[in-house]
Amino acid sequence: MTENKSTLKLDKIKIYGLPKGSVMWPSALGSLILGIIGNLNSDLPVSLTMIFLIIFSVNLLILFFDFSRGAVVGLTGLVFGVLGVLYGLDISVSFTDYLDNGVVEGAPSEFFVFYGSIFLVLLFFAIIFRRSFEYFELNSNELVKKHGILGDSQRYNAPNLQIKKHINDVFESLLLFGSGDLVLITSDGQEFHINNVIRINRLERNIRKLLSRLDVEISTD
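Residues numbered from 1 in each chain as written. Predicted model: local features only at pLDDT ≥ 70, side-chain atom pairs only at ≥ 80, totals over all residues. Heavy atoms only, no water.

**Things to note about the packing of aromatic side chains**
Okay, so step 1: Following the criterion strictly, the structure yields 13 aromatic pairs and no others.
Okay, so step 2: Centroid distance F56 to Y115: 6.4 Å. Interplanar angle 80 degrees. Geometry classified as edge-to-face. Taken as a pair, F56 in helix α3 (residues 45-64) and Y115 in helix α6 (residues 109-133) lie far apart in primary sequence, 59 residues in all.
Okay, so step 3: Using a relative accessible area of 24% as the deciding quantity, one classes F56 as partly exposed.
Okay, so step 4: The partly exposed category is assigned to Y115, whose relative accessible area is 22%.
Okay, so step 5: Relative to Y115, the ring of F111 lies with its centre 6.3 Å away and its plane at 15 degrees, an arrangement referred to as stacked. With F111 and Y115 both in helix α6, this residue pair falls four residues apart, about one helical turn.
Okay, so step 6: Among the aromatic residues, those joined into a ring-pair cluster are F52, F56, F111, F112, Y115 and F119.
Okay, so step 7: Lying across the ring of Y135, K14 places its NZ or CZ 4.4 Å from the centre. (Phe/Tyr/Trp six-rings, centres within 6.5 Å; stacked < 30°, edge-to-face > 60°. Helix = DSSP H or I, 4+ residues; strand = E, 2+ residues; numbered from the N terminus. Buried < 20%, exposed > 50% of the residue type's maximum accessible area, 1.4 Å probe, protein only. Lys NZ or Arg CZ within 6 Å of the ring centre and 35° of its normal.)

Right, here's the structure in full:
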């Protein structure tokens, strides 16, 4: 019974990518949480602003730069090296000095709530749109590209379909739930690039199982 269920699941696979800028969801969610905390305790807006700026800066760093596995190892070593030097030289960096000097002023908690809410709502509807109108569907006979609200579609033969997987940024992949870029190449050489496909490793395994099963069926017939 278990094998039949798994086979039925592999009879149709839906493939879609997350919208651009999805990697910024941690700063949006953090902003919303900080805004709620600020409303509950009005004595914390300045420190919350500093926390938001740190999260936002790290998020932008991940967005603008690709961190491969080698880059992550090198960056980790660099951070620990700098911290070791600072500790060895007994050098301390205090962010409270910047706050006391007015370099970073506290933003109103309403700003954090509005920023986080607007971003997360737009991201939610963008994902729903992708899932409903901008996706690929792989079944037992063909690869179907669905696009547009009117349901326009393009169909390609599924046999001999080639797939390629790319995970260029380790941090971005982690933030987007194991995402990566997927390339589909049809038998006539048509290429389709799908960015930010979540759980790409699991999806790749399912696609390869489906394609291998199709090859066996074709050769048997």
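**Section: the nonpolar core**
Okay, so step 1: Within the largest apolar cluster, 19 residues are counted, with the highest numbers of intra-cluster contacts made by I15, L138, L182, L184 and I207.
Okay, so step 2: Ignoring sequence-local partners within four residues, the contact set of I207 consists of I13, I15, L138, I163 and L182. (Core = buried A, V, L, I, M, F, W, Y, C linked by side-chain atoms within 4.5 Å. Contact = heavy atoms within 4.5 Å.)

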